[in-house]
Amino acid sequence: MDDLKAKYLGQIADAGDEDALEAIRLAAVGKKGEVALKMRELGKMTPEERQVAGPALNALKDEINSALSAKKSALADAALDERLRTEWLDVTLPARDRRQGSIHPVSQASEELTAIFAELGFSVAEGPRIETDWHNFDALNIPSHHPARAEMDTFYMHRTEGDNRPPHVLRTHTSPVQIRSMELQGAPIRVICPGGVYRADYDQTHTPMFHQVEGLAIDKDISMANLKWVLEEFVKAFFEVDGVELRFRASHFPFTEPSAEVDIRCSWEGGQLKIGEGDDWLEILGSGMVHPKVIAAGGIDPEVYQGFAFGIGIDRLAMLKYGIPDLRAFFDSDLRWLRHYGFAALDMPNLHGGLSR
Ligand code: DAH
């Protein structure tokens, strides 16, 4: 029995795979295996011999069986380890080249104008892009049937059935942030509100999403002269030319009275746009003295306070400053375009360091 034990435990230890193990099992403890044959011999033994040999044979059988199953799981573990080693997959991405990312011209222009207005004492305010009909229109003195609503090509949000309130809109301008800022801060106030706005429009100079910056200054003694000075300072600093000339043209907006559109002197010689020289004028913004109804809608007393407001197209400023001809390309996410027109990520614009260097 000791020979049998040594033989099979040795074979089990040496078995290289499950098939070999199964062959050993059949030969040792299978129905016709060596241990079974020995069991058969028990019948020929005396009862005394049988009492010793029987339990010993059973113990041998158990021992071989447990050696078999231990070896079996060791083989399975080894097989799994081998699979894990060979079926290895690298899911990490290689590190990016440090200079691959760039700042989008709209972000760059926003940072630049924020730096300029910060020096002039304006802080930045934000509002939601999905806006209530009231903030986007009514509070800005554009009531329901005002023609200005139709001109804006507004995107309306879905309304749930049975809801009779006017639907929310994708804000068509940053002017509603005037109202939200007045509601939040009261007077006096000096904020700019840069951000995305939406209108159903698409051609070389219009995209359904674009960017504006709203300006609002409310205090007890603010006049049109302050507006003019602020805008001139801004344009000089933004375009980085001293001799800019602005032209204020009488205009009409529901939320300002009086209202003015502002043009900047420029030349288009040889298809190249130059700011501050030449005989052409280019419209860059709308502005005016905030209408008393708008001040009241913001929760401020128009008998005590007055102020100016303006709205500028940021994308348009970026196109002009950086000579980018087509607005649609701004939002195509074409990496070649972004590399060409983008800015280095770590050069934060500020007035003393130079805005766009
Ligand atoms: N909200 C106007 C627009 O999107 C721009 C504008 C004009 C804003 C005059 C103003 C303003 O604050 O005073 O066309």
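Note that the structure is a prediction, hence the values are computed from the model and not measured.

**Student:** Where do I start with the site of the ligand in this structure?
**Tutor:** Near the ligand lie 15 residues; those nearest to it are His 173, Ser 175, Arg 199, Gln 212 and Glu 214. One nitrogen or oxygen atom from the side chain of Gln 178 is found 3.2 Å from an oxygen atom belonging to the ligand. Look at the ligand: alone it shows 360 Å² of surface, and the protein chains cover 90% of it. Here the ligand is seated within the largest pocket. Of all the secondary-structure elements, those providing two or more residues to the shell around the ligand are strand 5 (209-219), strand 9 (280-290) and strand 10 (306-313). Across the shell around the ligand, the residue classes tally to four nonpolar, nine polar and two charged.

**Student:** I'm lost on the side chain of Lys 71 in this one. Help?
**Tutor:** Structurally, Lys 71 is set in helix 4 (residues 47-86). Here Lys 71 is buried and forms no salt bridge, its nearest opposite-charge partner Asp 14 lying at an N-O distance of 6.9 Å. The contacts of Lys 71, once residues within four sequence positions are left out, are Ile 12, Ala 13, Ala 15 and Leu 21.

**Student:** What is the right way to look at the domain arrangement of the chain in this model?
**Tutor:** Put simply, an interface is often sized by how much accessible area is lost when its parts join up. By domain assignment, the chain separates into domain 1 (2-86) and domain 2 (105-344). Its C-alpha centre places domain 1 at a distance of 87 Å from the equivalent point of domain 2.

**Student:** Sorry, what's going on with the packing of helix 2 (residues 18-29) against helix 3 (residues 34-41) here?
**Tutor:** Axes are the key here: two packed helices are described by the angle between their axes and the distance separating the axes. For the pair helix 2 and helix 3, the least separation of the axes is 3 Å and the interaxial angle reads 5°. Put simply, helix 2 runs roughly parallel to helix 3. Between helix 2, through Ala 27, Ala 28 and Val 29, and helix 3, the contact on the second element is made entirely by Glu 34, Val 35 and Ala 36. When its residues are assigned to classes, the contact of helix 2 with helix 3 shows five nonpolar, no polar and one charged.

**Student:** How do you make sense of the pattern of salt bridges when you look at a structure like this?
**Tutor:** Charged atoms that come close allow side chains of opposite charge to pair. A full pass over the atoms with the stated rule returns 20 salt bridges. Linked by salt bridges that have partners in common, Arg 247, Arg 249, Glu 261 and Asp 263 make up one network.

**Student:** Please explain the packing of helix 9 (residues 224-239) against helix 11 (residues 314-322) as it appears in this structure.
**Tutor:** It is at 11 Å that the axes of helix 9 and helix 11 come closest, and there the two elements cross at 50°. Classified by the interaxial angle, the pair formed by helix 9 and helix 11 is oblique. Across the interface between the two elements, Phe 234, Phe 238 and Phe 239 from helix 9 touch Leu 317, Leu 320 and Lys 321 from helix 11. Split into classes, the residues belonging to the contact of helix 9 with helix 11 amount to five nonpolar, no polar and one charged.

**Student:** How should the environment of Cys 266 be read in this particular structure?
**Tutor:** Looking at the element boundaries, Cys 266 is found in strand 7 (residues 256-267). Through-space distance from the C-alpha of Cys 266 to that of Lys 72 is 86 Å; in sequence the pair is 194 residues apart.

**Student:** What am I meant to see in the packing of aromatic side chains here?
**Tutor:** Within this structure, the stated rule accounts for 11 aromatic pairs. Geometrically, the ring pair formed by Phe 117 and Phe 310 is stacked, given 5.4 Å between the ring centres and 25° between the ring planes. Here Phe 310 lies in strand 10 and Phe 117 lies in helix 5 (residues 105-119), a separation of 193 residues in the sequence. For Phe 117, a relative accessible area of 0% translates into the label buried.

**Student:** I keep staring at the side chain of His 173 and nothing clicks. Help me out?
**Tutor:** In this fold, His 173 is placed in the loop between strand 3 (169-170) and helix 8 (176-185). Among the residues examined, His 173 registers a relative accessible area of 3% and is labelled buried. Within the structure, the side chain of His 173 is placed 3.1 Å from the backbone oxygen of Asn 136, a separation counted as a polar contact. Looking at His 173, its side chain comes within polar contact range of the side chain of Ser 175, at 3.5 Å. Here His 173 is in contact with Asn 136, Leu 140, Ile 142, Met 152, Val 197, Arg 199, Gln 212 and Phe 255, once residues within four sequence places are set aside.

**Student:** Explain the pairing of strand 10 here, please?
**Tutor:** As a general feature of sheets, a regular strand has side chains that alternate between the two faces. Relative to strand 10, strand 5 runs antiparallel, the two sharing eight bridges. Opposite Gly 215, over in strand 10, you have Phe 310 as the bridge partner. By the bridge criterion, five bridges tie strand 9 to strand 10 in an arrangement that is antiparallel. Considered in strand 10, the bridge of Met 289 is made with Phe 308.

**Student:** When you look at helix 2 in this model, what are you seeing that I'm missing?
**Tutor:** The α-helix advances 3.6 residues per turn, and as a result positions three or four apart in sequence lie on the same side. Over its 12 residues, helix 2 runs 16 Å from end to end, which matches the ideal 16 Å to within 8%, given 1.5 Å per residue. Along helix 2, the positions that sit buried rather than exposed are Leu 21, Ile 24, Ala 28 and Val 29. Along helix 2, the residues classed as buried sweep out an arc of 85° about the axis, all on the same side. Backbone nitrogen of Asp 19 and a side-chain oxygen of the N-cap are separated by 3.2 Å at the start of helix 2; the cap is Asp 17.

What counts and what doesn't
- Chains are numbered independently. Their residues run from 1 in the order of the written sequence.
- Only residues with pLDDT of at least 70 are given local features in this predicted model, and only at 80 or more are side-chain atom pairs given and counted; all residues enter the totals for whole chains, interfaces and linings.
- Heavy atoms from the whole structure form the basis of all side-chain values; hydrogens and water molecules are not counted.
- The cutoff for a nearby residue is simple: one of its non-hydrogen atoms must lie within 4 Å of the molecule or strand.
- Polar contact is the term for a pair of N or O atoms within 3.5 Å; when the atoms are in protein, one must be able to donate a hydrogen and the other to accept it, and sequence-neighboring residues count only if both atoms are side-chain atoms.
- Note that accessible areas follow from Shrake-Rupley with a 1.4 Å probe, and for residues the cover is restricted to the protein chains shown.
- In this analysis, the protein atoms alone were mapped onto a 1 Å grid. Cavities are point sets where a 1.4 Å probe fits without being able to get out; pockets are open sets with protein on both sides within 12 Å along at least five of seven lines; lining residues have an atom within 4 Å of a point.
- A molecule is said to be in a cavity or pocket once over half of its atoms fall within 2 Å of that pocket's grid points.
- To qualify as a helix, a DSSP run of H or I must reach at least 4 residues; to qualify as a strand, a run of E must reach at least 2; elements of each kind are numbered from the N terminus.
- Three classes are used: nonpolar for Ala, Val, Leu, Ile, Met, Phe, Trp, Tyr, Cys and Pro, charged for Asp, Glu, Lys and Arg, and polar for all others, with Gly counted as polar.
- Residue burial is assigned from relative accessible area. The probe radius is 1.4 Å, only protein chains are included, and a residue is buried under 20% of its type maximum, exposed over 50%, and partly exposed in between.
- In this count, Lys and Arg are taken as positive residues and Asp and Glu as negative ones, while His and the chain termini are left out.
- The salt bridge criterion pairs a side-chain nitrogen of Lys or Arg with a carboxyl oxygen of Asp or Glu, the two atoms within 4 Å.
- Two residues form a contact once any of their heavy atoms are found within 4.5 Å.
- Source of the domain bounds: an automatic or database domain assignment.
- The convention used is that axes are lines fitted to C-alpha atoms, helices contributing only their stretch in contact, and that angles between N-to-C directions extend from 0 to 180 degrees.
- Any angle from 65 to 115 degrees is called roughly perpendicular, while one under 35 is roughly parallel, one over 145 is roughly antiparallel, and all others are oblique.
- Two aromatic rings from Phe, Tyr or Trp, using only the six-membered ring of Trp, form a pair when their centres are within 6.5 Å; if the ring planes differ by under 30 degrees the pair is stacked, by over 60 it is edge-to-face, and anything between is tilted.
- Two strands make a pair as long as DSSP finds a minimum of two bridges between them.
- For a helix, the expected span equals 1.5 Å multiplied by the number of residues minus one.
- Regarding the arc, it is the one traced by the directions from the helix axis to the C-beta atoms.

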